[in-house]
Amino acid sequence: MQKKPIADWQKALQNAFTELDQLCKYLEIAPSKLSHQTIAHQSFPLKIPRSFADCIEKGNPNDPILRQVLPISEELTDVPNYLFDPVGDQASAPIPGILHKYSGRALLITTGGCAINCRYCFRRNFPYSEFQLSSSRLQNALAYIEQHTDINEIILSGGDPLLLNDQHLHELIQSLNLFEHIKRIRIHSRIPVVLPERITPELLTCLENSRQKVIMVIHANHTNELSPQLAEACKKIAESGILLLNQSVLLKEVNDNAEQLIALSEKLFQFGILPYYLHLLDRAVGTAHFEVDRHTAIKLHQQLLKALPGYLVPKLVEEQAGAPSKTWINQNDSNRSPNQT
Ligand SMILES: *Cc1c(COP(=O)(O)O)cnc(C)c1O
Ligand code: SF4
């Protein structure tokens, strides 16, 4: 029997940069420019698809896009209050593959992998491979969803759910389509941003055919990530009747200034995407150098409120282990989570 040829996006993924030397050469940055930054990628490897590398300015070792994906020595610094599972994910998995923290919606972990490794991610320490859906796990997860008729929205997450091939995704969506109580299917994915090749006609057909409304929440942190290829992909996604939202993480020396955040909202709108959340960093081990303190975050958010129409202001939120939803942070907020200063 002939094996199905691998898709172009899968080839692009295989071509992702995984070696610092290769990356430096491509970006025309002398490795010595990065030499104070010893490699920290043993446990969480360097992984950058070429389309995303094209969002990095050539020759600029301090590029804000590069900073998101470059392993640096600060990751190895031990910082108090930075935890392996800061958002309490392991405690909220009723069965492998399902995270059911909030009422009405549950998160289905479809795969442990991502197309990219973002250095600030809480996933870097999380044993997601243990959560990967095998077919028996998938059956159990579907049974859980079937029994919990109070759930009306399923969030496909990971890792990145768009790493599933079209066949798997199609089967998964068809299975969810059978449940009357599920009203919406939400896809949380950074892939449209980092690997826009993935948005193929086959994928769009699969999503268009879903009985339930599909929402896609992408993840971009900086205007330079919003490439012409992404614009093209978003146009097609919107034409397929899918609502597009974006979530960002507030990251030091990436997007921690009002001009950039305002420009990001404006550009997202041009792409047909509405800003959804601006997250405070989850305090995962190895990510402390990305933290923007809460006070600064609130001040930045106030500047966004002043400068933008309400629908272009993302909600400033943080995730607190054990909380019944994301926690909204606003200027009057005197509540502090136990580990925030
Ligand atoms: C963030 C998250 C959600 C989604 O929350 P919304 O506020 O609906 O976007 C759902 N489940 C889990 C486990 C989450 O972490
Ligand atoms: S794509 Fe999302 S889940 Fe994956 S490493 Fe980046 S931030 Fe983490």
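In this numbering scheme, every chain counts its residues from 1 along its sequence in written order. Chain A is the first chain written and ligand 1 is the first ligand written, with later ones labelled in order. Totals for whole chains, interfaces and linings use all residues, but because this is a predicted model, local features are given only for residues with pLDDT of at least 70 and pairs of side-chain atoms are given and counted only at 80 or more. Note that the side-chain values use all heavy atoms of the structure and ignore hydrogens as well as water.

Participant: Residue-level account of the overall build of the protein chain, with values.
Facilitator: Runs of H or I in DSSP of at least four residues are treated as helices and runs of E of at least two as strands, each being numbered from the N terminus. In terms of regular secondary structure, the protein chain is built from 11 helices and 9 strands. What the globule rule says is 2.2 Å times the number of residues to the power 0.38, and the radius of gyration is computed from C-alpha atoms. Its C-alpha atoms give the protein chain a radius of gyration of 20 Å, near enough to 20 Å, the size a compact globule of 341 residues would have. With the C-alpha coordinates of the protein chain rotated into their principal frame, the extents come out at 55 × 55 × 40 Å. The buried share of the protein chain, taken over its 341 residues, is 55%. Working rule for contacts: check all heavy atoms of both residues, and any pair within 4.5 Å makes them a contact. For the protein chain, restricting intrachain contacts to residue pairs at least 6 apart in sequence, the fraction spanning at least 24 positions comes to 81%. Here the positive residues are Lys and Arg and the negative ones are Asp and Glu; neither His nor the chain ends is included. Lysine's charge is taken at NZ, arginine's at CZ, aspartate's at CG and glutamate's at CD. Each charge sign in the protein chain was given a centre, from 33 positive and 36 negative side chains, and these centres are 1 Å apart. With a 1.4 Å probe rolled over the protein chains alone, any residue whose accessible area is under 20% of its type maximum counts as buried; one over 50% counts as exposed, and the rest are partly exposed.

Participant: Lay out the site of ligand 2 with the relevant residues and their values.
Facilitator: By convention in these notes, a residue is near a molecule or strand provided one of its non-hydrogen atoms lies within 4 Å of it. Cys114, Ile116, Cys118, Cys121, Arg123, Arg190 and His219 make up every residue found near ligand 2. Using a 1 Å grid laid over the protein atoms alone, points where a 1.4 Å probe fits but cannot get out form a cavity; open sets with protein on both sides within 12 Å along at least 5 of 7 lines form a pocket; any residue with an atom within 4 Å of a point counts as lining. Think of it this way: a molecule belongs to a cavity or pocket when more than half its atoms come within 2 Å of the grid points there. Using a 2 Å cut-off from the grid points, one finds that ligand 2 occupies the largest cavity.

Participant: Run through the sheet that holds strand 1 (residues 98-102), naming residues and quoting values.
Facilitator: Strand order in the open sheet made by the 9 strands is 1-2-3-4-5-6-7-8-9, with mixed pairing throughout. Only two strands of the sheet have a single partner each, and these edge strands are strand 1 and strand 9 (327-328). With 5 bridges connecting them, strand 2 (residues 105-109) and strand 3 (residues 153-157) associate as parallel partners. By the bridge assignment, Ile109 is partnered in strand 3 with Ser157. Should DSSP find at least two bridges between two strands, the strands are regarded as paired.

Participant: Describe the packing of helix 6 (residues 166-177) against helix 8 (residues 201-208), listing the residues and the values that go with them.
Facilitator: Angles here are taken between N-to-C directions and fall from 0 to 180 degrees, while the axes themselves are lines fitted to C-alpha atoms, restricted in helices to the stretch in contact. Relative to each other, helix 6 and helix 8 sit at 5 degrees, their axes nearing to 10 Å. Taken together, the axes of helix 6 and helix 8 are roughly parallel relative to one another. Residue-level contacts link Asp166, Leu169, His170 and Ile173 of helix 6 to Glu202, Leu203, Cys206 and Leu207 of helix 8. Residues are grouped as follows: Ala, Val, Leu, Ile, Met, Phe, Trp, Tyr, Cys and Pro are nonpolar; Asp, Glu, Lys and Arg are charged; every other residue, Gly included, is polar. Its residues assigned to classes, the contact of helix 6 with helix 8 comprises 5 nonpolar, 1 polar and 2 charged. Here roughly perpendicular refers to angles of 65 to 115 degrees, roughly parallel to angles under 35, roughly antiparallel to angles over 145, and oblique to all remaining angles.

Participant: So what's going on with the pattern of salt bridges? Residues and values would help.
Facilitator: For salt bridges, the criterion is a side-chain nitrogen of Lys or Arg within 4 Å of an Asp or Glu carboxyl oxygen. Across all of its chains, the model carries 12 salt bridges by this definition. A salt bridge links Glu75 to Arg124; the shortest N-O distance between them is 2.8 Å. One end of the pair, Glu75, is in the loop between helix 4 (64-69) and strand 1; the other, Arg124, is in the loop between strand 2 and helix 5 (135-147), and 49 residues separate them in sequence. Taking the relative accessible area as the measure of exposure, Arg124 reaches 11% and is therefore buried. As a salt-bridge pair, Glu318 and Arg294 come within 2.9 Å of each other at their nearest N and O atoms. Placement of the pair is Glu318 in strand 8 (residues 315-318) and Arg294 in helix 11 (residues 294-307), with a sequence separation of 24 residues. Look at Arg294 and you get buried, because its relative accessible area is 5%.

Participant: Can you tell me about the domain arrangement of the protein chain, naming the residues and giving the values?
Facilitator: Domain boundaries in the protein chain define domain 1 (8-76) and domain 2 (90-338). Centre-to-centre separation of domain 1 and domain 2, based on C-alpha positions: 23 Å. Computed with a 1.4 Å rolling probe, the buried area is the accessible surface lost when two parts are put together, summed over both parts. Counting each side, the surface lost to burial between domain 1 and domain 2 is near 2,500 Å², with a carbon and sulfur contribution of 60%. The three residues of domain 1 that bury the most area against domain 2 are Trp9, Phe44 and Arg67, which together make up 33% of that side's buried surface. Here domain 1 is connected to domain 2 by 3 salt bridges. For the salt bridge of Glu75 with Arg119, the shortest nitrogen-to-oxygen distance reads 2.9 Å. Pairs of N or O atoms are called polar contacts if they sit within 3.5 Å, as long as, within protein, a hydrogen donor faces a hydrogen acceptor (for residues adjacent in sequence, only side-chain-to-side-chain pairs). Applying the counting rule to domain 1 against domain 2 returns 14 residue pairs in polar contact (both at pLDDT 80 or more). Elements with a contribution of two residues or more to the side of domain 1 that touches domain 2: helix 1 (8-14), helix 3 (50-53) and helix 4. By convention here, the domain bounds are inherited from an automatic or database domain assignment.

Participant: For the layout of surface pockets, give the residues involved together with the corresponding values.
Facilitator: Over the atoms, a rolled probe matching the size of one water molecule traces out where space is still vacant. Of the pockets and cavities examined, the largest pocket occupies roughly 310 Å³. Together, Lys4, Pro5, Ile6, Ala7, Asp8, Trp9, Gln10, Asn165, Asp166, Gln167, Thr200 and Glu202 line the largest pocket. Elements with a contribution of two residues or more to the lining of the largest pocket: helix 1 and helix 6. Inspection of the lining of the largest pocket shows a minimum of three residues originating in each of domain 1 (8-76) and domain 2 (90-338). Computed from the structure, the second largest pocket encloses a volume of approximately 250 Å³. Of all the secondary structure elements, the ones that give two or more residues to the lining of the second largest pocket are helix 5 and helix 6. Take the lining of the second largest pocket: its biggest share by element is 4 residues, from helix 6. Within the lining of the second largest pocket, the residues separate by chemical class into 5 nonpolar, 6 polar and 1 charged. Grid points are joined across faces, edges and corners, and a volume is the space filled by probe spheres set on the points.

Participant: An account of the site of ligand 1 is needed here, citing residue identities and associated values.
Facilitator: Around ligand 1 lies a shell formed by Leu99, Lys101, Tyr102, Arg105, Leu107, Ile155, Arg186, Tyr276, Tyr277, Glu319 and Lys326. One nitrogen or oxygen atom from the side chain of Arg186 is found 2.8 Å from an oxygen atom belonging to ligand 1. Note that an oxygen atom of ligand 1 is positioned 3.3 Å from one of the side-chain N or O atoms of Glu319. Note that accessible areas follow from Shrake-Rupley with a 1.4 Å probe, and for residues the cover is restricted to the protein chains shown. Contact with the protein chains removes 92% of the 380 Å² of surface that ligand 1 exposes when unbound. Spatially, ligand 1 is embedded in the largest cavity.

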